[in-house]
Amino acid sequence: MTVDGKPVTKFDGNDFRVAIGYKLKDGEEPNRVALYYLNDNGKLEIINYAKYNPKTGNVEFNAKQLGKYAVKYS
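Residues numbered from 1 in each chain as written. Predicted model: local features only at pLDDT ≥ 70, side-chain atom pairs only at ≥ 80, totals over all residues. Heavy atoms only, no water.

A. Broad picture of the packing of aromatic side chains. On inspection of all chains with the given rule, the structure shows 3 aromatic pairs. On the basis of an interplanar angle of 85 degrees and a centroid distance of 6.2 Å, the ring pair of tyrosine 22 and tyrosine 52 is categorised as edge-to-face. On the criterion of sequence distance, the pair formed by tyrosine 22 in the loop between β3 (16–21) and β4 (33–38) and tyrosine 52 in strand β6 (residues 51–53) is long-range, its members being 30 residues apart. Judged by relative accessible area, tyrosine 52 falls into the buried class, the value being 13%. (Phe/Tyr/Trp six-rings, centres within 6.5 Å; stacked < 30°, edge-to-face > 60°. Helix = DSSP H or I, 4+ residues; strand = E, 2+ residues; numbered from the N terminus. Buried < 20%, exposed > 50% of the residue type's maximum accessible area, 1.4 Å probe, protein only.)

B. Summary view of the sheet that holds strand β5 (residues 44–46). The strand order β5-β4-β8 describes an open sheet built from 3 strands, whose pairing is antiparallel. If you trace the sheet from one side to the other, it starts and ends with β5 and β8 (68–73), each paired once. Strand-to-strand twist in this sheet, taken as the mean axis angle between neighbours without regard to direction, amounts to 35 degrees. Alignment of β4 against β8, held across 6 bridges, turns out to be antiparallel. Looking across to β8, one finds that valine 33 is bridged to tyrosine 73. (Pairing = 2+ DSSP bridges. Axes fitted to C-alpha atoms, helices over the stretch in contact; angles between N-to-C directions.)

C. Structural context of the nonpolar core. Membership of the largest hydrophobic core is limited to 10 residues, which are Tyr22, Val33, Leu35, Tyr37, Ile47, Ala50, Tyr52, Val59, Phe61 and Ala63. Of all the secondary-structure elements, those providing two or more residues to this core are β4 and β7 (58–63). The residues touching tyrosine 22, leaving out its near neighbours within four places in the chain, are Glu28, Val33, Tyr52, Gly57, Val71 and Tyr73. (Core = buried A, V, L, I, M, F, W, Y, C linked by side-chain atoms within 4.5 Å. Contact = heavy atoms within 4.5 Å.)

D. Molecular detail of the pairing of β7. Of all 6 residues in β7, 5 are buried, a share of seventy percent or more. One ladder, built from 6 bridges, connects β3 with β7; its direction is antiparallel. Its bridge partner being in β7, glycine 21 is matched across the sheet by asparagine 58. Across 3 bridges, β6 lies against β7 in antiparallel orientation. Across the sheet, residue asparagine 53 finds its bridge partner in β7, namely asparagine 58. Counted along the chain from β6 to the antiparallel partner β7, the turn is 4 residues long, and its residue glycine 57 has a positive phi close to 75 degrees.

In short, the description is geometric, and any link to function would need to be established separately.
What follows is the structure in structure tokens.
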């Protein structure tokens, strides 16, 4: 991630608003789209404060840490 062209390596106590695109497939329900964080042990942790916004087609959340995130329909 970069801000003003400079790489971000830490948050310094601030959250960042993040939006990750996800296109619903036929028959999928918006409230079943989930966001996961891949922790240092390689395990997925659900991010409960992330919400899918059907108007924008994004999963939106305030990131509390840098890392790898994945959107999954469950």
